[in-house]
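Summary of structural features
Spelled out from the first residue to the last, the chains are:
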Amino acid sequence: MNREHKFRAYNNHTGALIEFTLDEASSWDKGEGVYSDQWDIVEYTGLKDRNSVEIYEGDIVTDDSIVDDSGTPFKAEVIFKDGMFRYGHSNCDCGDCEESPLWAEREAIHVIGNIYENPELLGGNEREMEGKTNRTYGVRQEMLFSG
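An account of the accompanying structure is given in this report. Just so you know, the residues in each chain are numbered from 1, in the order the chain's sequence is written. For a predicted model such as this one, the threshold for reporting local features is a pLDDT of at least 70, and the threshold for listing and counting side-chain atom pairs is 80 or more; totals across whole chains, interfaces and linings nevertheless cover every residue. Side-chain metrics in this entry use all non-hydrogen atoms of the structure; hydrogen atoms and water are not considered.

Some details on the packing of aromatic side chains
As a reminder of what qualifies: We call Phe, Tyr and Trp rings a pair once their centres come within 6.5 Å, taking the six-membered ring for Trp, and we label the pair stacked below 30 degrees between planes, edge-to-face above 60, and tilted otherwise. Strands are runs of DSSP state E lasting at least 2 residues, helices are runs of H or I lasting at least 4, and numbering of each runs from the N terminus. Burial status follows relative accessibility: with a 1.4 Å probe on protein chains alone, a residue under 20% of its type maximum counts as buried, one over 50% as exposed, and anything between as partly exposed. Our definition puts a charge over a ring when NZ of Lys or CZ of Arg is within 6 Å of the ring centre and also within 35 degrees of the ring normal.
Enumeration according to the criterion identifies five aromatic pairs in this entry. A ring pair is formed by Phe7 and Phe20, whose centres lie 5.5 Å apart and whose planes are at 20°; its orientation type is stacked. With a gap of 13 residues between them, Phe7 in strand E1 (residues 6–11) and Phe20 in strand E2 (residues 17–21) connect regions that are remote in the sequence. Assessed through its relative accessible area of 3%, Phe20 is described here as buried. Measuring from ring centre to ring centre gives 4.3 Å for Tyr10 and Tyr116, while their planes differ by 15°; the resulting arrangement is stacked. One end of the pair, Tyr10, is in strand E1; the other, Tyr116, is in the loop between strand E9 (110–114) and helix H3 (126–129), with 106 residues separating them in the sequence. Here the basic side chain of Arg8 rests over the ring of Tyr56, its NZ or CZ set 3.9 Å away from the ring centre.

What about the environment of Glu43?
Tracing the backbone through its elements, the reader meets Glu43 in strand E3 (residues 39–48). As a C-alpha pair, Glu43 and Phe85 span 42 residues in sequence and 10.0 Å in three-dimensional space.

Let's talk about the side chain of Asp59
Note that Asp59 resides in strand E5 (residues 59–67). Accessibility expressed as a relative area gives 2% for Asp59, which makes it buried.

Focus: the pattern of salt bridges
The test is simple: Any Lys or Arg side-chain nitrogen found within 4 Å of a carboxyl oxygen on Asp or Glu counts as a salt bridge.
In the structure shown here, the tally under the stated rule is three salt bridges. For Glu54, the salt bridge is made with Lys6, and the minimal N-O distance between the two is 2.5 Å. Of this pair, Glu54 sits in strand E4 (residues 54–56) while Lys6 sits in strand E1, and the two are 48 residues apart along the sequence. Under the relative-accessibility criterion, Glu54 is labelled partly exposed at 23%. Judged by relative accessible area, which is 15%, Lys6 ranks as buried. The partner of Arg8 in a salt bridge is Asp59, with the nearest N and O atoms 3.6 Å apart. Taken together, the positions of Arg8 in strand E1 and Asp59 in strand E5 put the pair 51 residues apart, joining distant regions of the chain. When its relative accessible area of 15% is taken as the criterion, Arg8 is described as buried. It is possible to trace a salt-bridge network through shared partners that takes in Arg8, Glu19 and Asp59.

Observations regarding the environment of Ser65
By secondary structure assignment, the location of Ser65 is in strand E5. Look at Ser65 and you get exposed, because its relative accessible area is 61%. With 43 residues separating them in the primary sequence, Ser65 and Ala108 have C-alpha atoms 8.4 Å apart.

Describing the sheet that holds strand E8 (residues 100–101)
We count it as follows: Only when DSSP finds a minimum of two bridges between them are two strands counted as paired.
Strands sit in the order E8-E7-E6-E5-E9 across an open sheet of five strands; the sheet is antiparallel. Each end of this open sheet is capped by a strand with a single partner; those strands are E8 and E9.

What to know about the pairing of E2
In this sheet, E2 lies alongside E1 in antiparallel orientation, the contact comprising five bridges. The partner of Ala9 across the bridge, within E2, is Ile18. Between E1 and E2, which pair antiparallel one after the other, the connecting turn spans five residues, and Gly15 there sits at a positive phi close to 80°.

Given below as structure tokens:
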């Protein structure tokens with residue numbers, strides 16, 4: 001099964017968002033498109049949530065059936081780690097929560113935002129996100145645009 005290689009790029013200076021495919025990116029000349037350190041590139045996981053919404057790295061997901069002691073549903077960022085897309089239990093205080101493979105829970109979770117446009121969903125704010133951009137995505141930029 002081939003999955004579609006799609007990406008989103010967030011401009012960490014202007015807040016602009018663009019979506020593109022690998023084919024589109026490979027046709028850009030150096031300096032065009034999202035070729036600069038101003039952009040954070042996130043990849044489509046190839047999975048959709050319970051509402052058929054595409055899930056990307058950096059998306060914030062929730063499962064309303066899992067709540068903390070105050071009744072607040074857990075929220076977590078989708079990440080790529082150890083060869084697979086995962087999500088963690090970001091607002092878990094018990095210390096026993098671990099990251100789960102995204103594929104195993106995709107029918108229970110749904111996308112509620114992303115870390116770029118909605119950092120407050122994970123208890124952050126836009127000011128706190130400054131300096132946290134280009135975390136693992138800088139490597140992906142090099143892979144897409146080296147050549």
